[in-house]
Amino acid sequence: MATAAAAKAPASLPPFLAACARQPVPHTPIWIMRQAGRYLPEYRKVRAATTFAGLTRDPALACEVTLQPIRRFALDASIIFSDIMVPLEGMGVKLDYAPGPVIETPIQTRAQIEALRPLVPEQDVPFVMESIRLTRAGLPAHVPLIGFCGSPFTLFCYLVAGKPSKEFALPRQFLHAEPVLATMLLERLADAMIVYLRAQAGAGAQALMMFESWGGLLGPADYAAFALPAVKRIIAGLKDVGVPVIYFANNCMGNLPSIAQLDVDVVGVDWRTPLSYARGVLKGKAIQGNLDPATLFAPKETLLSRIDGVLADAGPAPGHIFNLGHGIWPETDPDAVARLVDYVHEKTSHG
Ligand code: 1CP
């Protein structure tokens with residue numbers, strides 16, 4: 001029978017959550033952005049029988065594709081299968097995926113911003129929370145489930161431009177031509193993401209991640225003026241939730257000094273941002289990243305040496321979660337992923 005002291009001792013955290021808290025880990029935890037997706041034949045099979053939107057709205061199917069990479073690889077975390085655009089549909093935005101998001105009527109006026117409904121997650125997108133409940137029940141205990149959303153500026157880019165773009169000229173023009181309206185839209189998006197992330201944690205998400213996929217388009221002054229306050233607003237709204245918050249800052253090396261102000265547990269960086277530099281700027285936070293997704297196409301020896309490079313750059317201090325620097329590419333060989341996951345574990349195991 002357990003003693004009273006043993007009963008009170010906290011159960012040891014799964015390695016992913018320990019790393020989020022910058023605690024020592026038995027091995028460096030690893031998961032992969034877009035780990036459920038088109039590089040897996042089993043995903044393509046499920047996807048062939050439905051649309052992408054249909055997949056996100058069917059909890060049994062979303063759960064199935066979320067679990068697929070967990071069955072195949074020794075990953076340390078799982079991320080719920082959905083998309084950053086899903087909650088916007090719940091706010092009344094009509095969109096489709098082709099395969100990137102295409103908005104029926106891009107948002108450019110005050111009237112359109114005012115017409116956005118405040119999000120009520122359990123009413124507007126109940127299938128997301130149901131997917132989380134189902135998936136949590138199907139995951140092994142040592143594999144935490146991550147819930148996520150897009151950052152306000154990244155969502156703003158898609159809403160204003162109406163479709164994917166490399167430069168997002170229209171949204172960036174809008175920031176400067178209509179700063180008051182832009183801020184209004186960013187704040188409405190932040191408020192929706194607060195209730196959305198809170199609902200995901202309530203349904204069982206054990207960490208919450210914000211994707212700032214397009215923050216790197218902004219220079220430091222505009223990042224600090226527009227993107228950062230909206231993220232701060234979300235973080236303030238999550239203060240009492242009690243799960244770690246991860247902020248993925250894509251191509252944001254120049255914005256890291258601003259990002260250092262954010263009260264988040266983990267910052268994810270892309271492959272252009274050296275982890276040693278990120279560690280230096282982001283003192284007191286864990287880091288996540290940052291193998292270039294292209295290196296998964298290299299011969300085995302090169303791949304392993306690039307993985308060594310990422311681990312060496314992260315250094316021995318606690319608080320590194322291995323990941324790619326951005327989402328895995330659809331053409332990637334799943335065997336290269338197995339090699340990556342197993343090698344990170346092997347190389348960093350402390351007995
Ligand atoms: O036909 C298909 O299968 C659609 C392709 C697809 C997939 C597999 C889209 C449309 N979204 C997704 C899943 C998705 N999106 C996940 C799944 C969970 C996992 O990681 O396993 C996640 C976390 C996202 C998040 C997402 N969607 C981001 C942030 C991450 C990033 O890549 O920077 C962004 C920017 C989007 C927008 C989006 N949705 C879909 C696509 C193809 C895109 C990118 C469009 C573009 O290039 O701008």
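For the structure itself, look to the data block above.
Thresholds, definitions, all that
Residues numbered from 1 in each chain as written. Predicted model: local features only at pLDDT ≥ 70, side-chain atom pairs only at ≥ 80, totals over all residues. Heavy atoms only, no water. Buried < 20%, exposed > 50% of the residue type's maximum accessible area, 1.4 Å probe, protein only. Helix = DSSP H or I, 4+ residues; strand = E, 2+ residues; numbered from the N terminus. Pairing = 2+ DSSP bridges. Phe/Tyr/Trp six-rings, centres within 6.5 Å; stacked < 30°, edge-to-face > 60°. Lys NZ or Arg CZ within 6 Å of the ring centre and 35° of its normal. Polar contact = N/O pair within 3.5 Å; in protein donor to acceptor, adjacent residues only side chain to side chain. Contact = heavy atoms within 4.5 Å. Axes fitted to C-alpha atoms, helices over the stretch in contact; angles between N-to-C directions. Parallel < 35°, antiparallel > 145°, perpendicular 65-115°, else oblique. Left-handed = near helix turned anticlockwise from the far one by under 90°. Near = heavy atom within 4 Å. Areas by Shrake-Rupley, 256 points an atom, 1.4 Å probe, with all protein chains shown as cover. Nonpolar A, V, L, I, M, F, W, Y, C, P; charged D, E, K, R; others polar. Core = buried A, V, L, I, M, F, W, Y, C linked by side-chain atoms within 4.5 Å.

Asker: Kindly report on helix α10 (residues 152-161), identifying the contributing residues and their values.
Answerer: Within α10, ten of the ten residues are buried, which leaves the element mostly enclosed by the surrounding structure. The set of residues buried in α10 consists of Pro152, Phe153, Thr154, Leu155, Phe156, Cys157, Tyr158, Leu159, Val160 and Ala161. Of the residues flanking the end of α10, it is Gly162, one or two places downstream, whose phi is positive at about 85°.

Asker: Got a sec to walk through the sheet that holds strand β7 (residues 266-269)? Specific residues and values, please.
Answerer: Judged by pairing direction, the sheet is parallel, and its seven strands sit side by side in the order β1-β4-β5-β6-β7-β8-β9 without closing on themselves. Looking along the sheet, the strands with just one partner apiece sit at the ends: β1 (78-79) and β9 (320-324). The sheet contact formed by strand β5 (residues 207-212) and strand β6 (residues 245-249) spans five bridges and is parallel. Along β6, the bridge assignment pairs Phe211 with Phe248.

Asker: Could you give me a rundown of the packing of aromatic side chains, with the residues and numbers involved?
Answerer: Aromatic ring pairs are described here by two measures, namely the spacing of the ring centres and the angle between the planes. The full count for this structure, using the stated rule, is ten aromatic pairs. Judged by centre distance (4.7 Å) and plane angle (75°), the ring pair of Phe52 and Tyr97 falls under edge-to-face. In this pair, Phe52 is assigned in helix α4 (residues 52-57) and Tyr97 in strand β2 (residues 95-97), connecting sequence segments 45 residues apart. As far as burial versus exposure is concerned, Phe52 and Tyr97 are alike and both buried. Ring centres 5.8 Å apart and planes at 40° place the aromatic pair Phe297 and Trp329 in the tilted group. Placement of the pair is Phe297 in the loop between β8 (286-291) and α16 (300-314) and Trp329 in the loop between β9 and α17 (334-348), with a sequence separation of 32 residues. Directly above the aromatic system of Trp271 lies the positively charged group of Arg272, at a separation of 4.0 Å from the ring centroid.

Asker: Before we move on, can you summarise the side chain of His27 with the specific residues and values?
Answerer: By secondary structure assignment, the location of His27 is in the loop between α2 (15-20) and α3 (41-48). Side-chain polar atoms of His27 contact the side chain of His345, separated by 3.4 Å. With residues up to four places along the chain from it excluded, the contact list for His27 reads Pro15, Asp76, His345, Thr348 and Ser349.

Asker: Lay out the packing of helix α9 (residues 126-138) against helix α12 (residues 179-203) in plain terms, naming residues and giving numbers.
Answerer: Remark: α9 packs on α12, axes separated minimally by 8 Å, with the N-to-C direction vectors making an angle of 30°. Classified by the angle between their axes, α9 and α12 sit roughly parallel to one another. Like other packed secondary-structure pairs, α9 and α12 cross with a definite hand, here right-handed. Of the residues in α12, those in contact with Val128, Met129, Ile132 and Arg133 of α9 are Tyr196, Ala199, Gln200 and Ala203.

Asker: Outline the site of the ligand, listing residues and values.
Answerer: Close contacts around the ligand come from 23 residues, with Arg34, Asp83, Tyr158, Ser213 and His326 the closest. Tyr158 is positioned such that a nitrogen or oxygen atom in its side chain is 2.5 Å from an oxygen atom of the ligand. Within the side chain of His326, a nitrogen or oxygen atom sits 2.6 Å from an oxygen atom of the ligand. Burial of the ligand by the surrounding chains reaches 89%, relative to a free accessible area of 890 Å². Residue composition of the shell around the ligand, by class: 15 nonpolar, five polar and three charged.

Asker: How would you summarise the packing of α10 against helix α11 (residues 169-177) if you had to cite specific residues and measurements?
Answerer: Where α10 contacts α11, the axes come no closer than 8 Å and their chain directions differ by 105°. Relative to α11, the element α10 is oriented roughly perpendicular. Here α10 contributes Phe153, Phe156, Cys157, Val160 and Ala161 to the contact with α11, which in turn contributes Leu170, Pro171, Phe174 and Leu175. Looking at the contact of α10 with α11 residue by residue, the class counts come to nine nonpolar, no polar and no charged.

Asker: How would you sum up the environment of Ile235? Please name residues and give values.
Answerer: Locating Ile235 in the fold gives a position in helix α13 (residues 220-237). Along the chain, Ile235 and Met193 lie 42 residues apart, while their C-alpha atoms are 10.0 Å from each other. Not counting chain neighbours up to four residues away, the residues in contact with Ile235 comprise Met210, Leu262, Asp263 and Val264.

Asker: Any chance you could break down the nonpolar core for me, citing the residues and the numbers?
Answerer: Core analysis: the largest hydrophobic core is formed by 131 residues, its most contacted members being Phe16, Phe156, Ile259, Ile307 and Leu340. Here the element with the most residues in this core is α12; it accounts for 15 residues. With near-sequence residues (within four places) excluded, Phe16 lies in contact with Pro29, Trp31, Asp76, Ala77, Pro144, Ile146, Ala207, Ile246, Gln288 and Ile321.

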